[in-house]
Amino acid sequence: MNDLRILRDRQENGRRMLDSGEGGVEARGSSAMLAQTTTARAYPTTAGVFYAVVPCDIDGPETEGAAVSFVPRAGSVAYALNLGTQVPPSGTTVVCHGVGGRWCFRYD
């Protein structure tokens, strides 16, 4: 077999595995997380750095116009990069997105 044929076969096998769900990568859940900034050691004083965040659940009746509350999950802390230009006050609710295996949010 020549090299081009081997490459074509590998590409075909890769496409087949992706199409059939046999890619070998397990599902990681949602790529977004609702969280609140918190103080782990010393709260950051600049933007563009990692912040400790606590994942939150949403609580309240699911009716139009109903009030919502954010319930932090006790004992869960993650770190998310602030891609914005301002420092969020501690306890600020943010939406974090998964990017390259890291959490990021933007606060401006």
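Preceding this section is the structure that the text describes.
These notes cover the structure that comes with them. Treat the numbers as computed from the prediction; the structure is a model and nothing was measured.

Now for the overall build of the chain. Along the chain, the regular secondary structure elements total one helix and six strands. Its helices and strands taken in sequence order, the chain reads α-β-β-β-β-β-β from the N to the C terminus. In the chain, buried positions account for 21% of the 108 residues. Partitioning the contacts of the chain with sequence separation of at least 6, the portion at a separation of at least 24 is 50%.

With that settled, the discussion passes to the state of the cysteines. Here the structure, examined in full by the defined rule, presents zero disulfides. Considering cysteine sulfurs only, Cys96 is the nearest to Cys56, which forms no disulfide, with 9.4 Å between them. The exposure class assigned to Cys56 is buried, which follows from its relative accessible area of 6%. Cysteine Cys104 shares no disulfide, and the gap to the nearest cysteine sulfur, in Cys96, comes to 8.3 Å.

Only one face of strand β4 (residues 78-82) is covered, namely the face carrying Ala78, Ala80 and Asn82; the face carrying Tyr79 and Leu81 is uncovered. Alignment of strand β2 (residues 50-59) against β4, held across four bridges, turns out to be antiparallel. When the bridges of β4 are listed, Tyr51 appears paired with Ala80.

In this section: the side chain of Asn82. Along the polypeptide, Asn82 turns up in strand β4. Judged by its relative accessible area of 0%, Asn82 falls in the buried class. Looking at Asn82, its side chain comes within polar contact range of the main-chain nitrogen of Gly84, at 2.8 Å. For Asn82, the side chain forms a polar contact with the main-chain nitrogen of Tyr107, separated by 3.2 Å.

A grouping of Phe50, Val77 and Tyr79 is seen on the molecular surface, where their side chains present a nonpolar patch of about 300 Å² in accessible area. Looking at where Val77 falls in the secondary structure, it is placed in the loop between β3 (69-72) and β4.

What follows covers the environment of Thr85. Mapped onto the fold, Thr85 is located in the loop between β4 and β5 (93-99). In the structure, Thr85 is positioned 21 residues away from Arg106 in sequence and 8.0 Å away in space, judged by C-alpha atoms. With residues up to four places along the chain from it excluded, the contact list for Thr85 reads Ala47, Tyr107 and Asp108.

Definitions and cut-offs
Residues numbered from 1 in each chain as written. Predicted model: local features only at pLDDT ≥ 70, side-chain atom pairs only at ≥ 80, totals over all residues. Heavy atoms only, no water. Helix = DSSP H or I, 4+ residues; strand = E, 2+ residues; numbered from the N terminus. Buried < 20%, exposed > 50% of the residue type's maximum accessible area, 1.4 Å probe, protein only. Contact = heavy atoms within 4.5 Å. Disulfide = S-S within 2.5 Å. Pairing = 2+ DSSP bridges. Polar contact = N/O pair within 3.5 Å; in protein donor to acceptor, adjacent residues only side chain to side chain. Patch = residues over 30% accessible without salt bridge, like charges linked within 9 Å, V, L, I, M, F, W, Y side chains within 5 Å. Areas by Shrake-Rupley, 256 points an atom, 1.4 Å probe, with all protein chains shown as cover. Salt bridge = Lys/Arg side-chain N within 4 Å of Asp/Glu carboxyl O.

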